[in-house]
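# Inside the fold
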Amino acid sequence: MASALQFVTLRRAAGHNLLATAGAMMIVAFVSCAIFAPWLAPQDPAYIDLASRLMGPSAAHWFGTDELGRDILSRVIYGARISMLVGTCVVATSLTFGLILGSIAGYYGGFVDRFLNVIVMNAFMSFPGILLAIAFVAFLGPGLFNLVLALSIGGWVGYARLVRAQVLAVHEREFVEAARALGASDVRIIVRHILPNIIQPVIVQAAIGMAGAILAEATMSFLGLGVPPPTASWGSMLNDGRSHLFDAPHLVLFPAAAVMLAVLSFNFIGDGLRDYLDPRSRIEAGL
């Protein structure tokens, strides 16, 4: 009964927020492309056919071909794998570190809070995240693991500060004091009593963070610091096509549209989750 009621509420929320519904549908499409790329791609994304180089969109190549004759549609489909994988890994890594350090800072306070918040977090926030990632990848070399690690170095701070603020707001509440009086350990109090009550804004932040991670991956790949070729990536496709911007604009148009749609989709989902998880917004919307 409760599951059915939740389903009805979720369906009404989807009908009320059409942008979030459209974003969710586009994300399903991107994830499907990432998972089923070998079956959806019409050609091998690394197959070189110099006789067909720089062809415009046609029946044989729906998105045209690049300067090496590779099928752009196939490369866009395979590029979804890199973007979705990097975005998910970056958000998961950043969120994990942010939850741990933010919970510790907010729960214990005092010197621990001052050290983590004033010194550690501010030190990381003093450097632009993308420049820190560029320096890290330039030092260690391009690669999927180094890219995820580089983007996670500066990404955890936002989650940590959000979690810290939420923990500070609830760690003296009655249910926390009751658990502490019953002899629950600090870890149990944080994991079982505090985190479930502050997770809603963190979920919204994670959804929006996926958009930022995908955009950052495209930026790094555009600069040549992403996954090495011939692996298809939306950012590297933009870099390859910028020299043909006027004579073959389709080289830039389709990967740029993929990046834009992916970023917009996660932003729409983040806004929709914020409205759905906020009781006041749900009451105003009649949900």
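See the structure shown above.
Notes on the structure follow. (Residues numbered from 1 in each chain as written. Predicted model: local features only at pLDDT ≥ 70, side-chain atom pairs only at ≥ 80, totals over all residues. Heavy atoms only, no water.)

### Description of the pattern of salt bridges
Tallied over the entire structure, the rule returns four salt bridges. A salt bridge links Asp-66 to Arg-70, with the shortest nitrogen-to-oxygen separation between them at 2.8 Å. Given a relative accessible area of 9%, Arg-70 falls into the buried group. Here Arg-70 ties to Asp-240 by a salt bridge, and the two come within 4.0 Å at their closest N and O atoms. One end of the pair, Arg-70, is in the loop between helix 3 (37-40) and helix 4 (72-108); the other, Asp-240, is in helix 10 (residues 234-241), with 170 residues separating them in the sequence. Classification of Asp-240 by relative accessible area gives partly exposed; the value is 30%. Salt bridges sharing partners connect three or more residues here, namely Asp-66, Arg-70 and Asp-240. (Salt bridge = Lys/Arg side-chain N within 4 Å of Asp/Glu carboxyl O. Buried < 20%, exposed > 50% of the residue type's maximum accessible area, 1.4 Å probe, protein only. Helix = DSSP H or I, 4+ residues; strand = E, 2+ residues; numbered from the N terminus.)

### Side note on the environment of Pro-38
Here Pro-38 lies in helix 3. On the basis of relative accessible area, Pro-38 is assigned to the partly exposed category, the value being 40%. Residues Pro-38 and Ile-77, 39 residues apart in the sequence, show an inter-C-alpha distance of 9.0 Å. Residues within four places of Pro-38 in sequence aside, it is in contact with Tyr-78 and Arg-81. (Contact = heavy atoms within 4.5 Å.)

### Focus on the side chain of Ser-265
Mapping Ser-265 onto the fold places it in helix 11 (residues 250-277). Once residues within four sequence positions are removed from consideration, Ser-265 is found in contact with Gly-23, Met-26 and Ile-27.

### Overview of the nonpolar core
With 55 residues, the main nonpolar core has Leu-151, Ile-194 and Trp-234 as its most contacted residues. Counting only elements with at least two residues in this core, the list comes to helix 2 (18-35), helix 4, helix 6 (129-140), helix 7 (144-170), helix 8 (174-181), helix 9 (186-222), helix 10 and helix 11. Among the elements that make up this core, the one with the highest residue count is helix 9 (15 residues). In contact with Trp-234, not counting residues within four places along its chain, are Phe-30, Val-76, Gly-79, Ala-80, Ser-83, Ile-214, Pro-255, Ala-258, Val-259 and Ala-262. Counting residues in hydrophobic clusters, the runner-up holds seven residues, among them Ala-105, Leu-116, Val-157 and Ala-160. (Core = buried A, V, L, I, M, F, W, Y, C linked by side-chain atoms within 4.5 Å.)

### Concerning helix 6
Across its 12 residues, helix 6 extends 17 Å between first and last C-alpha, which sits within 8% of the 16 Å expected from 1.5 Å per residue. Backbone geometry just after helix 6 places Gly-141 at a positive phi near 100°. (Expected span 1.5 Å × (residues − 1).)

### A look at unusual backbone geometry
Phi is positive for Leu-54, close to 60°, though the residue is something other than glycine. Mapped onto the secondary structure, Leu-54 falls in the loop between helix 3 and helix 4. When its relative accessible area of 23% is taken as the criterion, Leu-54 is described as partly exposed.

### Thoughts on the side chain of Ser-94
In this fold, Ser-94 is placed in helix 4. Residue classification places Ser-94 among the buried residues on the basis of a relative accessible area of 2%. Setting aside residues up to four positions removed in sequence, Ser-94 forms contacts with Ser-152, Gly-155, Trp-156 and Tyr-159.

### Some points on the packing of helix 4 against helix 5 (residues 110-125)
Two elements in contact, helix 4 and helix 5, have axes separated by 7 Å at closest approach and are oriented at 140°. Taken together, the axis directions place helix 4 and helix 5 in an arrangement best described as oblique. Read as a crossing pair, helix 4 and helix 5 show a hand that is left-handed. Contact with helix 4, carried on its side by Leu-101, Ile-104, Ala-105 and Tyr-108, involves Gly-110, Val-112, Asp-113 and Leu-116 of helix 5 and no other residues of that element. (Axes fitted to C-alpha atoms, helices over the stretch in contact; angles between N-to-C directions. Parallel < 35°, antiparallel > 145°, perpendicular 65-115°, else oblique. Left-handed = near helix turned anticlockwise from the far one by under 90°.)

### Examining helix 4
End to end, helix 4 covers 53 Å across 37 residues, agreeing with the expected 54 Å (1.5 Å per residue, within 8%). Gly-109, located one to two residues past helix 4, shows a positive phi value of around 60°.

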